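Each chain is listed here by its residues.
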Amino acid sequence: MPTSAPPPSNYPTRSEDLIGRLNSVLTPYETKLKTLRELKNQIIGNRTKKLAFLKLGAVPSVVSILSSAVAENGGGSNLEFNEPVIIQSAAVIGSFACGLDAGVKAVLDAGAFPLLFGLISHPNEKVVDASARSLKMIYQSKLAPKYDFLVEKNMDFLLSLLNSKNENVTGLGGSIITHSCHTSIEQETLSEAGVIKMLINLLRGSLIQRDASLESLGAIIKENPGVISKFMGPENGRALNVVTELMKDRYPRTRLLACMCLIHIRNASLRYLQDAGIKTKLILILFELIDDPGQVGDEAPFALSSLIAEKEDLQKIAFDSNIVDKLCNHLEKGSFQAKRLQGIFLALADLCSKLEFCRDRFLSLKAFNFLTNVLTHDSPEVRAAACICLKNISRSVKNLSAGHFMNETVITPLVRLLQDTCTSVLIAALGAISNIVVDFTVHKSKFIHCGGVKQLVQLSKSMDSTIRVNAVWALKNLMFLVNSMYPETSVQEQALALVRNLVDGPMDSVEYVFAEEGLLLNAIGRQLQSASKVEVLIQGMYVLSNVASGNELHKEAVMNQLFPPAGSDMQTILIKFLQSTDSRLRTASVWALVNLTLTSPGANIRVMKLQSAGIVCQLKNMVNDPCLDVKLRAKTALGQSMMFGDSSMG
């Protein structure tokens, strides 16, 4: 049977034909109305179709039709078709904006926003309803314009929305508050205007009104004890009881929003919600909501995390309710959307942040293997959450001693994350590494072999101060754990060598060891006091030598490390190093003296201190040292010291 030939490449597709019908001035209103319905039906819930029609310029076409219909409607002509066209145009605009930022941007760029707001006061209730629905879709996006509550006419308009009998209009009012209320001034302005009481009254309304009210109440009371006290006050009746009852609502989203309201109250003021029964209910309801297949299930673990973060009593209740086991079982069920996975790991991280038995329980389950696997997850948010969880689990001295973390399964992906392009992942990975490298076992060399120390040194030079500080902390924990029972001196030696190279350069490079109030420099000083292996001492002295080549502040900092203040239990170590049988340590030590005695404003005082400590006398003995390097550097240091006159030479 013969088949028809394919259309030529320049023949319009069905989608292009649809847009053509919308754009044509010859298309009658009946056909445009039908075409708008066809477009709406094609894009509802279909991201691919939305993007395809966006590329064809569908949104400006629809907004143009809406604008024309509004203008004609205002003139009173052709009402029979204008109002249905307005309704369908508004619905199409809302569909493009729903869940798609690219759609919201196109809608805003085409000028739909003021048109839709103008239609909220339209006499036709169906027009109002369609416009309110579309505006709610837009306000779900961060791209939506911020509403200024501090302008009186704006507040009056918002109050009129909340007083409306149309549930979508009151829902729009709630969406505006949720999107735009972020500062304490905005919260207090809304509270003073009576918005809280209006929202409480809406809690007994329809599902749309309840959810919008709960969400906007959360925005108004969040982290604001003053507003919360008004919410809990007698003028608002039994508002807390109403919200608490809604935790048991049949609709998952309503239950989640009610829980989040209560969490905001609890987090802002500990004097509320002290009842253990309510705390347990909150935890169990939030866990149950994680099973929801939609957006509620994605948001529930974040709410749980917010509830238990930094609260040992709630973490204990969660543990007693088997939440650690239940969350870990969730991980083993199968694949999740990235957001839900991120939330579960953050909740586990908070559970394991303070209580040792929570960490022990997590490590006893198979979920630890899953945790290490997701360190390579495609989502940066999931990778960061996994690192935060690992950081909190590795706070345990007992588990560090058991060597649970310093193995290739953990270390290799963690070190790779030190090159991650996402800053939040980098910071989270550094936090985990700072804990893990404290490992009391004899396997720190694995971290070196993976290139970990080299990466830390590079990150300690980062332009981002948070990355820089975390890298310095990790270096300090890796290299300078003086209480370690079995320190790997080869690791300390290599790490010190890298720091030596780090500060060997321009004056600015010396500043790296002064980060975080001299954390690294002080740790080097302690290491020089306690280390027994000469290779570690050599590298430590070369670090001090490079620092001493800097400015006066740098030189004085080195003097403070070599000559502890009076009353300190630390001893002057320099004489011992200058008398060492190892010529390499003698050379490194004399190099430091060369840099300390160079002519500079504070050199005279330093030379006097060296003289009183017996260092200059020791230098005189070293001018005939069998090692040529030592001999030459000793003569240089002695010559520089003598430039300040015999009075300082004794």
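See above for the structure.
On a predicted model such as this, the values are computed, not experimentally measured, just so you know.

## A word on the overall build of the protein chain
Broken down by element type, the protein chain carries 40 helices and 0 strands. Its C-alpha radius of gyration of 34 Å places the protein chain more than 25% over the 26 Å reference for a compact globule of 650 residues. Taking the principal axes of its C-alpha atoms as reference, the protein chain extends roughly 110 × 65 × 65 Å. Residues counted as buried form 53% of the 650 residues belonging to the protein chain. Contacts in the protein chain between residues far apart in sequence, at least 24 positions, make up 69% of those at least 6 positions apart. Total accessible area on the protein chain stands at roughly 29200 Å², and carbon and sulfur atoms take up 53% of it. Taken together, the 66 basic and 60 acidic charged side chains of the protein chain have centroids lying 3 Å from each other.

## As for the packing of aromatic side chains
Enumeration over the complete set of coordinates arrives at 8 aromatic pairs. Ring geometry for Phe345 against Phe370: centres 6.3 Å apart, planes inclined by 15°, an arrangement best described as stacked. With Phe345 in helix H21 (residues 338-351) and Phe370 in helix H23 (residues 367-373), this residue pair connects regions lying 25 residues apart in the sequence. An aromatic cluster is built from Phe113, Phe117, Tyr139 and Phe157, whose rings are joined through pairwise contacts. Here the guanidinium or amino end of Lys339 rests over the ring plane of Phe302, the centre of that ring lying 5.9 Å away. For Arg500, the ring lying beneath its charged end belongs to Tyr542, and the centroid distance is 3.9 Å.

## Section: the nonpolar core
Core analysis: the largest hydrophobic core is formed by 214 residues, its most contacted members being Phe362 and Leu414. Of all the elements, helix H34 (residues 534-548) adds the most residues to this core, at 10 residues. Those residues in contact with Leu414, other than ones at most four positions away along the chain, are Leu375, Cys387, Leu390, Ala429, Ala432, Ile433 and Ile436.

## Some words on the packing of helix H1 (residues 14-23) against helix H2 (residues 29-43)
As a packed pair, H1 and H2 sit with axes 9 Å apart at the nearest point and diverge in direction by 140°. Considering their axes alone, H1 and H2 lie oblique with respect to each other. In this structure, H1 crosses over H2, and the sense of that crossing is left-handed. Listed contacts from H2 to Arg14, Leu18, Arg21 and Leu22 of H1 are Thr31, Lys32, Thr35, Leu36, Glu38, Leu39 and Gln42. Across the contact of H1 with H2, the residue classes break down as 4 nonpolar, 3 polar and 4 charged.

## With respect to the packing of helix H15 (residues 239-246) against helix H16 (residues 252-268)
Contact pair H15 / H16: the axes reach a minimum separation of 8 Å and the direction vectors enclose 135°. With respect to each other, H15 and H16 are oriented oblique. For the pair H15 and H16, the crossing hand works out as left-handed. Where H15 approaches H16, its residues Leu240, Val243, Thr244 and Leu246 are matched on the opposing element by Thr254, Arg255, Ala258, Cys261, Leu262 and Ile265. Class assignment for the residues of the contact of H15 with H16 results in 7 nonpolar, 2 polar and 1 charged.

## So, the side chain of Ser305
Inspection of the secondary structure puts Ser305 in helix H18 (residues 295-308). Accessibility expressed as a relative area gives 11% for Ser305, which makes it buried. Among residues more than four places away in sequence, those in contact with Ser305 are Leu346, Ala347 and Asp350.

## Thoughts on the environment of Leu537
Mapped onto the elements, Leu537 comes out in helix H34. The buried category is assigned to Leu537, whose relative accessible area is 8%. Remark: the alpha-carbon pair of Leu537 and Ser589, spanning 52 residues in sequence, is separated by 9.5 Å. Among all residues touching Leu537, those that are not within four sequence positions of it are Gln527, Leu528, Ala531, Phe577 and Leu585.

## Regarding the environment of Asn435
Position of Asn435 relative to the elements: it lies in helix H27 (residues 423-436). Dropping the residues within four chain positions of it, Asn435 is found in contact with Lys391, Ser394, Arg395 and Leu400. There is a polar contact of 2.8 Å between the side chain of Asn435 and the backbone oxygen of Lys391.

## Let's talk about the side chain of Asp420
By secondary structure assignment, the location of Asp420 is in the loop between helix H26 (408-417) and H27. When its relative accessible area of 14% is taken as the criterion, Asp420 is described as buried. Ignoring anything within four residues of it in the chain, the contact list for Asp420 reads Arg383, Val425 and Leu426.

## Description of the pattern of salt bridges
One side chain can pair with another of opposite charge once the charged atoms of both are near each other. Under the counting rule described, the total for this entry stands at 24 salt bridges. For Arg359, the salt bridge is made with Glu356, and the minimal N-O distance between the two is 2.7 Å. Linking Arg359 with Glu356, this pair stays in helix H22 (residues 356-364), spanning 3 residues, or about one helical turn. A relative accessible area of 6% places Arg359 in the buried class. Residue classification places Glu356 among the partly exposed positions, given a relative accessible area of 27%.

## Things to note about unusual backbone geometry
Phi at Glu310 takes a positive value of approximately 65°, unusual for a residue other than glycine. Mapped onto the fold, Glu310 is located in the loop between H18 and helix H19 (312-320). In this structure, Asn322 takes a positive phi of about 65° despite not being glycine. Judged by relative accessible area, Asn322 falls into the partly exposed class, the value being 42%.

## Side note on helix H10 (residues 167-180)
Each α-helix turn comprises 3.6 residues. Residues three or four places apart therefore point the same way. Taking 1.5 Å per residue, 14 residues should reach 20 Å; H10 reaches 20 Å between its end C-alpha atoms and fits that length. Where H10 is concerned, the buried positions are Asn168, Val169, Thr170, Gly171, Leu172, Gly173, Gly174, Ser175, Ile176, Ile177, His179 and Ser180. Two or three places before Asn168, at the opening of H10, Asn166 has a side-chain oxygen 2.8 Å from that residue's backbone nitrogen.

## Remarks on the environment of Val195
If you trace the backbone, Val195 turns up in helix H12 (residues 195-202). Contact partners of Val195, with chain neighbours within four places excluded, come to Leu159, Leu162, Ile177, Leu190 and Ile220.

## Digging into the state of the cysteines
The tally for this structure, following the rule as stated, stands at 0 disulfides. The thiol of Cys358 is unpaired, and the distance to the nearest cysteine sulfur, on Cys352, comes to 5.7 Å. For Cys358, a relative accessible area of 0% corresponds to the buried category. No disulfide involves Cys422; its nearest neighbouring cysteine sulfur is the one of Cys387, lying 10 Å away.

How each quantity is defined
- Numbering of residues begins from 1 in every chain and follows the order in which that chain's sequence is written.
- Local features in a predicted model are, by the rule used here, given only for residues with pLDDT of at least 70; side-chain atom pairs are given and counted only at 80 or more, and totals for whole chains, interfaces and linings are based on all residues.
- Side-chain metrics rest on all non-hydrogen atoms present in the structure, leaving aside hydrogens and water.
- Numbering goes from the N terminus for both helices and strands, where a helix is a DSSP run of H or I of at least four residues and a strand is a run of E of at least two.
- Our radius of gyration is a C-alpha quantity, and the globule rule it is checked against amounts to 2.2 Å times the number of residues to the power 0.38.
- Exposed residues in this analysis have more than 50% of their type's maximum accessible area, buried residues have under 20%, and partly exposed residues fall in between, with area computed by a 1.4 Å probe over protein chains only.
- Pairs of residues are marked as contacts when any of their non-hydrogen atoms sit within 4.5 Å.
- For the accessible areas, the method is Shrake-Rupley and the probe is 1.4 Å, while residue cover comes only from the protein chains on display.
- In this tally, Lys and Arg are treated as positive and Asp and Glu as negative; His is ignored, and so are the chain termini.
- Taken as the charge centre is NZ of Lys, CZ of Arg, CG of Asp or CD of Glu, depending on the residue.
- A pair of aromatic rings is counted whenever rings of Phe, Tyr or Trp (Trp by its six-membered ring) have centres within 6.5 Å, and the orientation is called stacked for planes under 30 degrees apart, edge-to-face for over 60 and tilted otherwise.
- Remark: a charge is flagged as sitting over a ring if the NZ atom of Lys or the CZ atom of Arg is within 6 Å of the ring centre and within 35 degrees of the ring normal.
- Buried residues of nine kinds, namely Ala, Val, Leu, Ile, Met, Phe, Trp, Tyr and Cys, make up a nonpolar core once their side-chain atoms join them within 4.5 Å.
- Every angle, taken between N-to-C directions, lies between 0 and 180 degrees, and every axis is a line fitted to C-alpha atoms, over only the stretch in contact when it is a helix.
- Throughout this description, any angle smaller than 35 degrees is read as roughly parallel, any larger than 145 degrees as roughly antiparallel, any in the 65 to 115 degree range as roughly perpendicular, and the remainder as oblique.
- If you view the pair so one helix is near and one far, a crossing is left-handed when the near helix is turned anticlockwise from the far one by less than a right angle, and right-handed when it is turned clockwise.
- Residues are grouped as follows: Ala, Val, Leu, Ile, Met, Phe, Trp, Tyr, Cys and Pro are nonpolar; Asp, Glu, Lys and Arg are charged; all remaining types, including Gly, are polar.
- Distance and chemistry together define a polar contact, namely a pair of N or O atoms within 3.5 Å, with one atom able to donate a hydrogen and the other to accept it when in protein, and with adjacent residues in sequence counting only for side-chain atoms on both sides.
- Each salt bridge in this description consists of a side-chain nitrogen of Lys or Arg and a carboxyl oxygen of Asp or Glu lying within 4 Å of one another.
- Here, expected helix span is obtained from the residue count minus one, scaled by 1.5 Å.
- Defined by distance alone, a disulfide is two cysteine sulfur atoms within 2.5 Å.

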